[in-house]
Protein chains: 2
Amino acid sequence: MRATILHEAGDVRVEDAPDPVIEQPTDAVVRTVRSCVCGSDLHPFHSLPAADGPTPMGHEFIGVVEELGSEVTGLNRGDLVVSPFAFADNTCEYCREGLHTSCPKGGWYGAGGIGGAQAEAVRVPQAQGTLVKLPTGVDSALLPSLLTLADVYGTGYHAAKQARVREGDTVTVIGDGAVGLLAVLSAKQLGAERIILMGRHKDRTDLGRFFGATDVIAERGEEGIAKLRDLTGGHGTRAVLEAVGHMPAYEMAVGVVRPGGVISRVGVPQYEDAPVGFGSLFGPNITLTGGPAPVRAYIDELLPAVLDGAVDPGRVFDRTVSLEEVPDGYRAMDRREALKVMIAF
Amino acid sequence: MRATILHEAGDVRVEDAPDPVIEQPTDAVVRTVRSCVCGSDLHPFHSLPAADGPTPMGHEFIGVVEELGSEVTGLNRGDLVVSPFAFADNTCEYCREGLHTSCPKGGWYGAGGIGGAQAEAVRVPQAQGTLVKLPTGVDSALLPSLLTLADVYGTGYHAAKQARVREGDTVTVIGDGAVGLLAVLSAKQLGAERIILMGRHKDRTDLGRFFGATDVIAERGEEGIAKLRDLTGGHGTRAVLEAVGHMPAYEMAVGVVRPGGVISRVGVPQYEDAPVGFGSLFGPNITLTGGPAPVRAYIDELLPAVLDGAVDPGRVFDRTVSLEEVPDGYRAMDRREALKVMIAF
């Protein structure tokens with residue numbers, strides 16, 4: 001089959017790879033129908049050392065079940081399914097608590113011998129716990145929105161849930177990528193009354209307004225912080241959803257959060273150490289939360305509004321490419337020419 | 001009057017100071033009956049640069065109201081009162097939310113022209129919102145326990161509340177100082193079933209067992225982490241209450257917290273940057289919370305069990321000194337010869 005491989009920073013290729021096969025009785029092999037490029041794929045695209053490559057890419061997909069291991073029940077060949085970006089058994093104590101990303105039998109696509117999803121087919125470990133059957137056809141107009149359930153919608157939702165966004169809240173969202181925009185949608189769904197989106201790409205923040213942002217701040221750094229404080233009577237907001245992962249976004253979050261408030265991070269941190277002492281988090285009793293979203297836990301909750309068209313998270317896809325064009329998709333996202341690139345097979 | 005002044009690290013003296021007087025109509029002057037030395041006083045005792053001194057010391061006290069500003073109502077001369085370690089108006093939006101340490105009119109004893117409480121008398125700003133009248137006499141045997149409401153009991157309780165300790169929980173408490181031990185008591189009061197106390201001073205951890213600790217781990221660092229993981233089936237505990245403030249305690253907290261769990265810090269951090277990235281907090285969805293405790297918010301909640309003798313937090317005081325002996329009290333606590341030193345006037 002053909003698959004997307006990152007060799008080192010900047011060098012992403014679509015090349016021949018072995019066809020995935022059932023290796024464990026809990027596996028499935030899924031033929032990809034839709035996949036996409038994630039903002040988090042851009043982090044290794046910027047920085048992967050050649051010594052750490054080559055690595056298979058992609059972790060979001062919808063596909064058709066092609067083969068099933070002997071222990072997988074509840075799924076059939078031919079089922080259209082969506083996969084969360086992390087696989088999990090959905091039965092252990094962590095999964096039962098809704099923390100599928102800490103499942104001891106779980107893991108990530110593109111690591112540990114599991115292929116990536118920017119490929120013609122994918123081996124899915126723990127298939128029974130991981131895959132969710134979709135009640136639509138392979139030609140449904142809902143596929144883009146359904147594909148966001150694999151990661152970016154559930155990740156934005158995780159940010160809002162971990163921040164305990166509630167009816168009437170004022171919320172800041174940092175970042176106008178797909179996750180930030182769907183954090184806006186999620187905050188809106190959870191009842192936030194005022195949603196301040198910090199982002200500087202007008203086409204994206206316009207989509208953020210469509211999803212529910214009431215205010216947009218294009219300024220960054222101290223200027224952005226000052227503007228947000230102006231908008232909130234000097235206080236900042238109780239909930240801050242950080243959907244970027246770079247240190248300036250963390251510093252922005254610390255600058256705009258209200259005393260006693262919550263910074264909820266879902267952008268994968270590109271740093272290990274950060275300020276958490278008296279002058280940043282401790283003095284004003286700020287809570288720092290978040291992590292890789294257990295999106296499997298949210299699919300059941302988010303699916304109905306997608307199916308009935310009440311929400312349209314698939315609007316984050318503004319470009320569609322074929323598998324062979326994926327390297328162009330990376331470059332388009334990297335140059336901010338595309339918000340999020342879908343791959344149609 | 002006589003007051004305790006820290007000139008620089010290691011140099012604490014009791015010396016003459018001006019008698020406090022009413023400066024604002026919202027002030028009170030309180031004649032000290034009991035005060036004490038706090039574990040957090042040891043931080044500047046170890047590190048205060050001479051250029052930052054001299055600084056008045058002490059922030060926990062019970063006393064008798066001596067003078068009242070013209071705008072203070074609800075208090076009378078002669079009332080026995082306890083003061084939280086931070087003063088606050090108790091009417092602003094932060095105070096109404098129970099976050100008195102972020103009150104815009106609030107502040108700290110021993111800073112900004114406000115004296116310390118290791119002194120014969122104290123000027124109390126925002127007296128009406130700050131002081132809580134006690135229904136006991138100045139010779140009550142309950143004074144030690146009532147004095148803990150000024151800081152260490154409320155601070156331990158804050159750690160447990162911020163970690164959302166609940167019925168049946170398993171909780172780790174890091175630190176066997178007064179705050180750690182009262183975090184044990186607080187976790188017990190909130191229903192924790194298993195409380196693992198990490199501390200290496202047997203007399204203190206014995207008191208911890210009296211307050212409710214079910215297990216004690218004396219080992220530190222990697223050895224302590226391994227022991228705790230052994231005790232918890234490899235998982236760590238959902239709630240970790242960190243009552244020290246030094247980096248090794250933070251690292252220990254990261255090492256023993258269960259995925260999806262909470263590290264609740266109330267030890268004043270002696271660091272600004274700390275690990276919070278994928279390898280520490282983000283990957284396993286750990287929440288970091290805590291800060292200076294809004295103890296004013298907890299006094300009403302904690303007072304009844306102190307008054308009826310259901311709890312005896314005053315057992316953390318194992319030495320009593322006169323005001324003139326306070327420097328000896330600092331040294332005794334610094335050498336771990338005393339757990340917590342009370343000052344009787």
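What comes next is a walk through the structure. (Residues numbered from 1 in each chain as written. Chains lettered and ligands numbered in written order. Predicted model: local features only at pLDDT ≥ 70, side-chain atom pairs only at ≥ 80, totals over all residues.)

Focus on the overall build of chain A
Counting its secondary structure elements, chain A contains 12 helices and 19 strands. By principal-axis analysis of the C-alpha atoms, chain A measures approximately 60 × 40 × 35 Å. Counting the 345 residues in chain A, one finds 56% classified as buried. Taking all contacts inside chain A whose residues are at least 6 apart in sequence as the whole, residues at least 24 apart take part in 70%. (Helix = DSSP H or I, 4+ residues; strand = E, 2+ residues; numbered from the N terminus. Buried ≥ 20, exposed ≤ 12 C-beta atoms within 10 Å, placed from the backbone. Contact = placed C-beta atoms within 7 Å.)

Side note on the relation of the copies chain A and chain B
Of the transformation placing chain A onto chain B, the axial shift is 0.0 Å and the rotation is 180°, giving an RMSD of 0.0 Å. The relationship between the two copies is best expressed as a two-fold rotation axis. In terms of proximity to the rotation axis, the leading residue of chain A is L288 of chain A, whose C-alpha is 2.5 Å off the axis. Mapped onto chain B, 100% of the interface residues of chain A again fall at the interface, so both copies present the same surface. (Least-squares fit on C-alpha atoms with pLDDT ≥ 70 in both.)

Some thoughts on the interface of chain A and chain B
Tallying the contact residues gives 29 residues for chain A and 29 residues for chain B. When residues of the side of chain A that touches chain B are traced back to their parent elements, those giving at least two are strand 15 (257–265), strand 16 (273–275), helix 10 (278–282) and strand 17 (287–290) of chain A. No other element matches the 4 residues that strand 17 of chain A contributes to the side of chain A that touches chain B. Residue composition of the side of chain A that touches chain B, grouped by class: 14 nonpolar, 11 polar and 4 charged. The pairing of strand 16 of chain A with strand 16 (residues 273–275) of chain B spans 3 bridges and is antiparallel. If you follow A274 of chain A over to strand 16 of chain B, its bridge partner there is A274 of chain B. (Nonpolar A, V, L, I, M, F, W, Y, C, P; charged D, E, K, R; others polar. Pairing = 2+ DSSP bridges.)

Considerations on the sheet that holds strand 1 (residues 2–8) of chain B
Residue and element names in this part refer to chain B. In space, the 3 strands of this open sheet follow the order 2-1-4, with antiparallel pairing throughout. The open sheet has two edge strands, strand 2 (11–16) and strand 4 (55–56), and neither has a second partner. Each of strand 1 and strand 2 is contacted by helix 12 (residues 326–334), which is oriented at about 160° to strand 2, the strand it contacts most. (Axes fitted to C-alpha atoms, helices over the stretch in contact; angles between N-to-C directions.)

Looking at the pairing of strand 19 (residues 341–344) of chain B
Consecutive side chains of a regular strand alternate in pointing toward one face of the sheet and then the other. Residues and elements named next belong to chain B. Of the strand pairs in this sheet, strand 3 (residues 28–36) and strand 19 are connected by 3 bridges, and their pairing is antiparallel. Within strand 19, the residue paired with C36 across the bridge is M342. Across 3 bridges, strand 18 (residues 319–321) lies against strand 19 in parallel orientation. Following the sheet pairing, R319 is matched in strand 19 by V341. Handedness of the crossover is the feature at issue here: the chain leaves strand 18, passes through helix 12, returns alongside strand 19, and the resulting connection is right-handed. (Right-handed = clockwise from strand over helix to strand, strands pointing away.)

Brief notes about helix 11 (residues 295–307) of chain B
All names here are of chain B. For helix 11, with 13 residues, the first-to-last C-alpha span of 17 Å sits near the 18 Å given by 1.5 Å per residue. Residues of helix 11 that are buried: V295, R296, A297, Y298, L302 and V306. The inward-facing, buried residues of helix 11 abut helix 3 (127–130), helix 4 (143–148) and helix 5 (152–162). Remark: G309 follows helix 11 within two positions and exhibits a positive phi of approximately 80°. (Expected span 1.5 Å × (residues − 1).)

Observations concerning the packing of helix 8 (residues 221–231) of chain B against helix 9 (residues 247–256) of chain B
All names here are of chain B. Helix 9 packs onto helix 8 with a crossing angle of 30° between their chain directions and a minimal axis gap of 9 Å. What the angle tells us is that helix 8 and helix 9 run roughly parallel. Helix 9 is crossed by helix 8, and the crossing has right-handed handedness. Between helix 8, through G221, G224, I225 and L228, and helix 9, the contact on the second element is made entirely by P248, M252, G255 and V256. (Parallel < 35°, antiparallel > 145°, perpendicular 65-115°, else oblique. Left-handed = near helix turned anticlockwise from the far one by under 90°.)

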